[in-house]
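# Architecture at a glance
The residues making up each chain are set out below.
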Amino acid sequence: MIDPHEAGAPPRCTGLRRITDLGPQEFATAWGREPRHVPAQTLWPQGTMSRGAGFVDLLDTAAVDELLSLHGLRAPFLRVARDGQTLADGEFTRGGGVGAGVTDQLDDTALLRLFADGHTLVLQGLHRTHPPVLRFAQDLAADLGHPVQVNAYVTPPQSRGFAAHYDVHDVFVLQTGGDKHWHLHRPVHVDPLRDQPWQDRRDAVAEAAEGEAHLEVTLRPGDVLYIPRGWLHSATALGGVSTHLTVGVHVWHRGHLAEAVLDEARRAVAARPDQRTSLRPGVDVADPADLADDLAAVRAALLEAVAAVDEAVVVDRLAARARAAQRPAPISPVATVESLADGPEGLAVAPRAHLRARVEPSPEGALLVSRAGRLALDPSEAEVVTDWLTADEPAVLDPQLTRRLVVAGVAVPAPRPPA
């Protein structure tokens with residue numbers, strides 16, 4: 001069975017505690033304001049770095065090579081770039097051979113040549129393909145309350161993969177191997193949204209990057225660099241191969257609240273007969289004067305609808321988006337079915353990690369809504385499941401309910417006691 005906590009392993013810092021030296025209140029104050037360099041010695045106990053601590057458990061050179069050569073990854077999971085130019089996928093992919101009828105699997109021979117020639121390798125979506133990073137990303141997302149993705153940048157000596165640019169999400173850079181020198185400049189556009197990429201301000205970015213850096217720092221193994229969205233940055237590997245993880249935090253912001261409010265307000269306006277009537281014959285929709293009275297009526301209706309939007313409706317909309325933004329913790333389909341072979345009687349189960357589940361009323365009784373989907377519950381089951389979701393220990397439930405929860409991917413069987 002997959003256990004995200006690896007029973008028997010020594011305790012370790014996870015999530016936010018692993019990448020910042022600030023307490024929760026201090027971190028909340030610093031969040032989104034300025035870049036912050038956190039040296040390894042402030043994160044790791046004295047002497048642990050010499051014993052291979054830091055972030056090598058998340059990704060080391062051997063793991064990079066396995067991902068590139070042995071996992072059959074396809075083009076979307078890798079980018080290759082040099083000096084700001086990204087190569088076409090066909091320059092580093094080929095067919096999978098007999099029994100693998102795809103044409104865009106990574107070609108490790110081509111990647112060897114490109115890397116030797118100074119190209120940076122960007123392993124994308126490691127929060128989906130590499131178990132140690134997956135566990136870390138899910139813990140961090142749970143701590144932050146914001147969705148998280150993780151890429152790895154592997155840069156050959158004295159090379160720069162990308163020119164100065166900004167991201168539309170916050171970033172934590174975790175240096176796993178080698179040294180990399182960073183230049184950071186103030187934003188040319190503060191707190192950019194996802195539809196406001198740096199390419200729309202290419203000239204302003206290039207001009208700002210020519211000026212004096214706000215922060216210039218060399219990251220070494222175990223160091224962390226926090227870069228709020230909008231801050232310009234570029235990096236160059238020093239000496240040997242440099243590898244770092246880029247943790248992208250896709251922040252929730254007030255624009256998301258505005259979208260939810262306006263969506264509900266539009267629904268409310270559309271429900272009003274006086275707002276659905278046709279404009280008069282002969283109307284000129286290109287003439288502001290001809291639309292003045294109609295616009296005034298629409299504005300008044302919208303303002304009234306916005307003011308009447310229920311907070312619970314906004315929360316429901318954003319909760320659905322939050323569930324879709326991440327996936328629950330991995331489970332073991334085959335081993336899970338095997339655990340049910342002797343029947344669900346007496347089988348203790350725990351909620352699947354990172355499920356983001358809640359019980360909601362429905363016309364037929366109740367629904368268990370989670371990242372695993374929707375599961376109908378009888379009214380008698382709703383209270384039991386609600387209590388079970390917040391329990392500290394696995395519990396033995398009604399056998400039929402247990403089976404339904406397990407097969408739905410909501411419950412994870414606990415190991416049965418030895419006979």
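Refer to the structure presented above.
The sections below set out a description of the structure shown in this document. Bear in mind the structure is a predicted one, so any value in this text is a computation, not a measurement.

Thresholds applied
Residues numbered from 1 in each chain as written. Predicted model: local features only at pLDDT ≥ 70, side-chain atom pairs only at ≥ 80, totals over all residues. Heavy atoms only, no water. Helix = DSSP H or I, 4+ residues; strand = E, 2+ residues; numbered from the N terminus. Contact = heavy atoms within 4.5 Å. Areas by Shrake-Rupley, 256 points an atom, 1.4 Å probe, with all protein chains shown as cover. Lys, Arg positive; Asp, Glu negative; His and termini not counted. Charge placed at Lys NZ, Arg CZ, Asp CG, Glu CD. Core = buried A, V, L, I, M, F, W, Y, C linked by side-chain atoms within 4.5 Å. Buried < 20%, exposed > 50% of the residue type's maximum accessible area, 1.4 Å probe, protein only. Salt bridge = Lys/Arg side-chain N within 4 Å of Asp/Glu carboxyl O. Pairing = 2+ DSSP bridges. Axes fitted to C-alpha atoms, helices over the stretch in contact; angles between N-to-C directions.

### Some thoughts on the overall build of the protein
In terms of helices and strands, the protein carries 13 helices and 17 strands. Summarising its shape, the C-alpha atoms of the protein cover approximately 75 × 70 × 55 Å along the three principal directions. The long-range fraction of contacts in the protein, counting pairs at least 24 apart against all pairs at least 6 apart in sequence, stands at 78%. Carbon and sulfur atoms make up 53% of the accessible area of the protein, which amounts to about 22,700 Å² in all. Each charge class in the protein was averaged separately, 40 positive and 55 negative side chains, and the resulting centres sit 1 Å apart.

### Topic: the nonpolar core
Formed by 45 residues in total, the largest nonpolar core has its most connected members in Ile19, Leu78, Leu123, Val148, Phe172, Leu174 and Leu245. When residues in this core are grouped by element, the largest group, 6 residues, is from helix 6 (residues 131–144). When near neighbours in sequence (up to four residues on either side) are disregarded, leucine 245 contacts Leu58, Leu59, Leu126, Val133, Val150, Asn151, Ala152, Phe172, Val173, Leu174 and Thr176. Ranked by size, the runner-up nonpolar core spans 17 residues in total, among them Leu347, Val385, Trp388 and Leu405.

### Details of the environment of alanine 62
Here alanine 62 lies in helix 3 (residues 61–69). In this structure, the C-alpha to C-alpha distance between alanine 62 and leucine 302, residues 240 residues apart in sequence, is 58 Å.

### Some remarks on the pattern of salt bridges
Side chains that differ in charge, positive against negative, can pair when their charged atoms come close. Under the definition given, this model contains 17 salt bridges. In this structure, arginine 317 engages glutamate 264 in a salt bridge whose closest nitrogen and oxygen atoms are separated by 3.2 Å. One end of the pair, arginine 317, is in helix 10 (residues 311–325); the other, glutamate 264, is in helix 8 (residues 254–270), and 53 residues separate them in sequence. What makes glutamate 264 partly exposed here is its relative accessible area of 22%. For arginine 358, the salt bridge goes to glutamate 360, with nearest N and O atoms at 2.9 Å. Within this structure, Arg272, Asp274 and Glu304 form a network of salt bridges that share partners.

### Some words on the sheet that holds strand 12 (residues 348–351)
Spatially, the 3 strands line up as an open sheet ordered 16-12-17, and their pairing is antiparallel. With one partner strand each, in any of the chains shown, strand 16 (395–396) and strand 17 (411–413) form the two edges of the open sheet. One ladder, built from 3 bridges, connects strand 12 with strand 17; its direction is antiparallel. Bridge assignment links alanine 350 to a residue of strand 17, and that residue is valine 412. On the sheet, helix 12 (residues 379–389) packs against strand 12, strand 16 and strand 17 and is oriented at approximately 75° with respect to strand 12.

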